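Spelled out, the chains give:
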2 protein chains.
Amino acid sequence: MSKRTAQDSKSVPLPLPKGSRATGRVTITDVAAEAGVSSMTVSRALKMPELVQEQSRERIFAAIEKLGYVPNQAAATLASARSQVIGVLVPSLTNAVFIETLSGIRDYLAEAGYQFLIGETGYARDKEAQLISTYLAHAPAGFLLSSSEQHEILQSRPASRAIPAVRMFDLGRSNDEYSVGFSQTKAGYAVARHLAERGYQRPAFIAAQLDPRMMKRREGFRKGLQEAGIDPAVEVLLPLPTTVDMGAQLLRRVLEVRPDCDAVFCCNDDLALGALFECQRQGIAVPGQLAIAGFNDLSWAACATPSITTVITPRYDIGYKSAEMLIRQLKGEDIPKGRLDLGFELAVREST
Amino acid sequence: MSKRTAQDSKSVPLPLPKGSRATGRVTITDVAAEAGVSSMTVSRALKMPELVQEQSRERIFAAIEKLGYVPNQAAATLASARSQVIGVLVPSLTNAVFIETLSGIRDYLAEAGYQFLIGETGYARDKEAQLISTYLAHAPAGFLLSSSEQHEILQSRPASRAIPAVRMFDLGRSNDEYSVGFSQTKAGYAVARHLAERGYQRPAFIAAQLDPRMMKRREGFRKGLQEAGIDPAVEVLLPLPTTVDMGAQLLRRVLEVRPDCDAVFCCNDDLALGALFECQRQGIAVPGQLAIAGFNDLSWAACATPSITTVITPRYDIGYKSAEMLIRQLKGEDIPKGRLDLGFELAVREST
DNA sequence: CTGAAAGCGCTTACAG
DNA sequence: CTGAAAGCGCTTACAG
């Protein structure tokens, strides 16, 4: 009952012991021989079990178990020209926000049987394009991107080899692409309206990193203040990676410029925490003398003393839903292009 | 210039135009034809350029550029039985500590031309073993692991197909394996000695997660207290994932059991931050009434009010050095097995 | 429901 | 320094 492989019969005219290969690996052919079917049938039993007779299927799975067969992904990828790998590109791996997005992605992809390759773009469009090129060598089934830009290298592929991509965090400019996120502008606007309603008159804005999303929050914040008849003049922006300590530094600068400032919107919770510590250090009452608002609702915002008003963002869901949108496309479902707006929620707490 | 697909070429056995393939991809053969050499030579020019005549090399690189050739990793992996992918298994992706380790890994691997697949073990040995099995299908060149256990599935492979692994964070029990980390026990011990030297008499210990590393810190802490003649009786341990808020909860429990407690060692900085907020809420002076020590030196520890005494751990370096140790093995260097102890540093600050 | 044949794009020896 | 041949382990049509 011994099967020969093509190469055995060509190069070595002696039969190898049953179940063994030149490389020592257990292959689909070994499983097929053990189960008394062809390798095609084994492949089908793995991919589309409903197309294989139950009896064959049982023998095949028993053989897989017995031999400890692990499918070779490289061979599958080479033969089918598509892998089970998704390229995921996030701006930063040191930011808790994106880590939670990765958790969402991982949860969906693990369930769907996909792996992912993570790249860090450093908030730079060029770096994103470069990583896409690198990942292309792995024949990824799709991409999950975080830049709101188009990438020529993906656009220029012929339709037959197109690789689907979903943009995360920001909503795309048009409905011609897939994007999952929320409106940064509206979130900034909501914070401004809240501060205005509470009666704060001299608010400031502090930000670091200064990527496009930060700038949209700022834009919305200014718009909200202007609509409330408040002058949004005091801003301190620093184009460096965010740290908690930087929140303290930026607040000090704000207070130098405008000592009578009565509220500060921090573009993220790290800065808000640093600002709170600085107030504690200087003996400034929060919110009595100065209100503080953050962004993202990181783990400390709710339990700080005082608890910090912030914007709860759907970052886990952005990952999960983006992955879902991508995989459903890959499975051939006809998902309409467009923006999936997951919204946000303003958490009003003690600090304002 | 119409392209044909695979099925066309079968049903119609006509030669394809030069430079094109059934799949439409640019292959090494296309590059070889363009450069007027064999595909072997192209392969060599890419892997070991010094073995190829300069003139050929120039023509080859020009052809690569002209055709936009991207090597197919799947084909390379299948042919060589080894990929450029490293399997990286960390306990958690929501913990800043491991994220920084990943940054270290990424920095080294990116430089060395490797990709990595990240898995999250949830601090469970079984989950780690399961992920190893899954990743084996990708023919990883090596593993970076975070459990201190051995894994049969890796141990049982024949020497010819052995996959090297490096253990991170903990130092291995023996010098029979590769490990990069520091002594958790010594770090816990150092905190105890510091508190004792400062004259604290009724210290408590709080911890969550309770993975083996936490338990080693505790062990060292207890030992240090005992040696200083202090009773290490007050401990509150909770086997749940760490959060900042949990630090507040655990501290409340400690104060219920022992209201006269004068110091608390938190097994990580998240708990320490929550404990600090709780003290602020209750009006407990830090360190006047209660000293607080944390672990890891996360970004807020140094700039909190008061700044938090903690243990600075070499987590970025653990990632970087582990990756280096692994890749140098893969490149055939004869790296001696053993433990690489990167040490730690006690940062004494205002909170103690 | 099942199988024989061909091919995916590289690399591994080997021979010059 | 270079190349012809064979093979890696799957999947894709196709035919039954």
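The notes below deal with the structure included here. It should be emphasised that the depicted structure is a prediction, and the values quoted were computed from it without experimental measurement.

1. Overview of the layout of surface pockets
In this model, the second largest pocket occupies a volume close to 1,000 Å³. The set of elements that each furnish at least two residues to the lining of the second largest pocket consists of α6 (96-112) of chain A together with α6 (96-112) of chain B. Residues that form the lining of the second largest pocket fall into these classes: 17 nonpolar, 16 polar and 4 charged.

2. A word on the sheet that holds strand β8 (residues 263-266) of chain B
Residue and element names in this part refer to chain B. A sheet is described by the order of its strands in space; here 4 strands give the open sequence β7-β6-β8-β9, paired in parallel fashion. Edge strands, defined here as strands with exactly one partner in the open sheet, are β7 (234-238) and β9 (291-293). The mean angle between the axes of side-by-side strands here comes to 15°, regardless of whether they run parallel or antiparallel. In this structure, β8 lies alongside β9, joined through 3 bridges in parallel fashion. Looking at β9, one finds that F265 is bridged to A293. Together, β6 (203-208), β7 and β8 form the strand contacts of helix α10 (residues 212-227), whose direction differs from that of β6 by roughly 175°. Contacts between helix α12 (residues 269-282) and the sheet are confined to β6, β8 and β9, with β9 contributing the most and set at about 160° to the helix.

3. With respect to empty space enclosed by the protein
Applying the stated rule across the entire model yields 3 cavities of 30 Å³ or more. Along the walls of the largest cavity sit 16 residues, with V85 and H138 of chain A together with T77, V85 and H138 of chain B positioned nearest its centre. Every element with two or more residues in the lining of the largest cavity is listed here: α5 (73-80) of chain A together with α5 (73-80) of chain B.

4. Examining the sheet that holds strand β6 (residues 203-208) of chain A
All names here are of chain A. With parallel pairing, the 4 strands of this open sheet are ordered in space as β7-β6-β8-β9. Since the sheet does not close on itself, it has two edges, and those belong to β7 (234-238) and β9 (291-293), each with one partner. Sheet twist, expressed as the average angle between the axes of neighbouring strands with direction ignored, equals 15°. Bridge analysis of β6 against β7 gives 5 bridges, and the strand direction is parallel. Pairing of A208 across the sheet is with L238, part of β7. On the sheet, helix α10 (residues 212-227) packs against β6, β7 and β8 (263-266) and is oriented at approximately 175° with respect to β6. Against the sheet, helix α12 (residues 269-282) contacts β6, β8 and β9, and its axis sits at roughly 160° relative to β9.

What counts, and where the lines are drawn
- Residues numbered from 1 in each chain as written.
- Chains lettered and ligands numbered in written order.
- Predicted model: local features only at pLDDT ≥ 70, side-chain atom pairs only at ≥ 80, totals over all residues.
- Heavy atoms only, no water.
- 1 Å grid on protein atoms, 1.4 Å probe; cavity = no way out; pocket = protein on both sides within 12 Å on 5 of 7 lines; lining within 4 Å.
- Points joined across faces, edges and corners; volume = space filled by probe spheres on them.
- Helix = DSSP H or I, 4+ residues; strand = E, 2+ residues; numbered from the N terminus.
- Nonpolar A, V, L, I, M, F, W, Y, C, P; charged D, E, K, R; others polar.
- Pairing = 2+ DSSP bridges.
- Axes fitted to C-alpha atoms, helices over the stretch in contact; angles between N-to-C directions.
- Contact = heavy atoms within 4.5 Å.

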